[in-house]
Amino acid sequence: MEMQLDPTKDDLPLMANTSHMLVKHYVLDLDVDFKSQVIEGIIVLFLETGSRYRKASRIDKKGCQSHLNETCKIGPSEPCHISVSDASVFSSEAEYSDFAVCAKGEKDASDKNGNHSNEEQTSGISSSKNCCDTESHGNKDFLLVLDCCDLSVLKVEEVDIAAVSGIEKFTKSAELTDVSKELENLRNQIVHELVTLPSDRCPEQLYYFTCCSQAPGCGELDFTTGSWSLEIRKQGVQTPTDFPHAIRIRYKTKPEGRSVKWTTDQSGRPCVYTMGSPINNRALFPCQEPPVALSTWQASVRASAGFVVLMSGENSAEPEQLQEAVIFNHKTVFRDD
């Protein structure tokens, strides 16, 4: 049954299962279309297993023997191409990722069952009680639940970060010597190494976040959208530890989305801003809204020539002029540690 809420009177539902998995970094790559009043693009999430499962995972590893005799081999790949301006993209906590686009001087489809088909999905509202908890429902697939509202989700896929040139350096730490080199486990271990890099390696971390966000997909993931949530699953994966730790979501906002305001400035020129109110960021991008879900983020936003993109973070962006548009790359570092 749908949850009918009045954001001006009712508390917002926090659907994200942050005790299972936490988003540690977001990479957004967006296009702003004033004619259709839609923001469209991709967001890549880098995740870590939630605190609820870390201890159990360590205990399980001690009691298990590796059954693989071969280590994973990372094949050759094309180097990551990043422009000078892209290489400096870095931003702040996802809870405060507001931005505005100001002027200077496709058809959605869904099936009846709400199942993934690379198109917008619709279903009844999810509830945190529906999130698969492996402690009590170990025979079911794990669900990653994100806060999401007024968005058309088009595709969700796992990102093959192991294909990134030079990423093998993150497989050499002592912590990885007893871990299975099965490719899926290797990808998750790379994400762990990347998100836990010390602050003095921030430029290197940023470089690989950007490269990984551009890596090819390695398998589509099933998903279902509700009124207030996006549920993602990988068939056969029953624990957060085994769930992909780098996923890419292609989506677009809706003109009526309540996180985005399309309007005009005092001179009558078109502009759009994200007020983060009354429903926070969930109608701008799929995210984790609970206060515990602090994360870093970076964003590249393209708009037609003649517009300026402003975001919280640094005082000035690094615009890159294209033929008929301009891309703004924003950077700032805020850490939760």
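Predicted, not measured: the structure shown is a model, and the values here were computed from it. (Residues numbered from 1 in each chain as written. Predicted model: local features only at pLDDT ≥ 70, side-chain atom pairs only at ≥ 80, totals over all residues. Heavy atoms only, no water.)

**Examining the overall build of the protein chain**
Part 1: The helix and strand inventory of the protein chain stands at three helices and 15 strands.
Part 2: The buried share of the protein chain, reckoned over its 337 residues, is 50%.
Part 3: Accessible surface for the protein chain amounts to roughly 16,400 Å². Of this, 48% is attributable to carbon and sulfur atoms. (Helix = DSSP H or I, 4+ residues; strand = E, 2+ residues; numbered from the N terminus. Buried < 20%, exposed > 50% of the residue type's maximum accessible area, 1.4 Å probe, protein only. Areas by Shrake-Rupley, 256 points an atom, 1.4 Å probe, with all protein chains shown as cover.)

**As for the pattern of salt bridges**
Part 1: For the structure on display, the rule yields 14 salt bridges.
Part 2: Residue arginine 258 is joined to aspartate 150 by a salt bridge in which the shortest nitrogen-to-oxygen separation is 3.0 Å. One end of the pair, arginine 258, is in the loop between strand S9 (246–253) and strand S10 (261–264); the other, aspartate 150, is in the loop between strand S4 (143–147) and strand S5 (151–159), with 108 residues separating them in the sequence.
Part 3: Residue arginine 258 is classed as partly exposed on the basis of its relative accessible area, which comes to 29%.
Part 4: Measuring nitrogen to oxygen at the nearest pair gives 3.2 Å for the salt bridge that ties aspartate 265 to arginine 269. (Salt bridge = Lys/Arg side-chain N within 4 Å of Asp/Glu carboxyl O.)

**Description of the environment of alanine 16**
Part 1: The topology assignment puts alanine 16 in the segment before strand S1 (21–33).
Part 2: Among residues more than four places away in sequence, those in contact with alanine 16 are Val145, Leu146, Asp147, Cys287, Gln288 and Pro290. (Contact = heavy atoms within 4.5 Å.)

**Description of the sheet that holds S4**
Part 1: If you trace the three strands from one edge of the open sheet to the other, you get S4-S8-S7, paired in antiparallel fashion. Each edge of the open sheet carries a strand with a single partner, namely S4 and strand S7 (222–225). The sheet shows a mean angle of 20 degrees between the axes of neighbouring strands, direction not considered.
Part 2: With five bridges joining them, S4 and strand S8 (residues 229–233) adopt antiparallel strand pairing. In the strand pairing of S8, valine 145 is matched with glutamate 231. (Pairing = 2+ DSSP bridges. Axes fitted to C-alpha atoms, helices over the stretch in contact; angles between N-to-C directions.)

**Section: helix H3 (residues 202–213)**
Part 1: For H3, spanning twelve residues, the distance from its first C-alpha to its last is 16 Å, which sits close to the expected 16 Å at 1.5 Å a residue.
Part 2: In terms of burial, H3 is largely enclosed, as nine of its twelve residues are buried.
Part 3: For H3, the set of buried residues is Cys202, Gln205, Leu206, Tyr208, Phe209, Thr210, Cys211, Cys212 and Ser213.
Part 4: Turning to H3, the residues buried within the fold contact S1, strand S2 (38–49), S5, helix H2 (183–195), S9 and strand S12 (296–304). (Expected span 1.5 Å × (residues − 1).)

**As for the state of the cysteines**
Throughout this description, disulfide means a covalent bond between two cysteine sulfur atoms.
Part 1: Tallying each qualifying case throughout the model produces zero disulfides.
Part 2: In this model cysteine 149 remains outside any disulfide bridge; the closest cysteine sulfur is found in cysteine 148, 7.3 Å from its own.
Part 3: In this structure cysteine 287 is a free cysteine whose sulfur lies 8.3 Å from that of cysteine 148, the closest cysteine sulfur available. (Disulfide = S-S within 2.5 Å.)

**Let's talk about the packing of aromatic side chains**
Remark: the centre distance and the inter-plane angle together describe each pair of aromatic rings, the angle taken between the planes.
Part 1: A complete count under the given rule lists seven aromatic pairs for this structure.
Part 2: Relative to phenylalanine 307, the ring of phenylalanine 34 lies with its centre 4.3 Å away and its plane at 15 degrees, an arrangement referred to as stacked.
Part 3: Geometrically, the ring pair formed by phenylalanine 170 and tyrosine 208 is edge-to-face, given 5.2 Å between the ring centres and 85 degrees between the ring planes. Taken together, the positions of phenylalanine 170 in the loop between S5 and H2 and tyrosine 208 in helix H3 put the pair 38 residues apart, joining distant regions of the chain.
Part 4: On the basis of relative accessibility, which here comes to 2%, the residue phenylalanine 170 falls in the buried class.
Part 5: Owing to a relative accessible area of 7%, tyrosine 208 belongs among the buried residues under this scheme.
Part 6: The structure contains a cluster of three or more aromatic residues connected by ring pairs, namely Phe34, Trp262 and Phe307. (Phe/Tyr/Trp six-rings, centres within 6.5 Å; stacked < 30°, edge-to-face > 60°.)

**Quick word on the confidence of the model for the protein chain**
Part 1: Per-residue confidence for the protein chain averages 75 on the pLDDT scale, and 62% of its residues sit at or above 70.
Part 2: The model gives residues 61–96 a pLDDT under 50, and that stretch makes 89 contacts with residues more than four places away or in other chains.
Part 3: Below pLDDT 50 for its whole length, residues 106–137 participates in 84 contacts with residues either more than four positions away or in separate chains. (pLDDT = per-residue confidence, 0-100.)

**Describing the side chain of glutamate 158**
Part 1: Mapped onto the fold, glutamate 158 is located in strand S5.
Part 2: Classification of glutamate 158 as buried rests on a relative accessible area of 4%.
Part 3: Each residue touching glutamate 158, except ones within four places of it in the same chain, is listed here: Arg187, Pro216, Gly217, Cys218, Gly219, Leu221, Lys234, Pro244 and Ala246.

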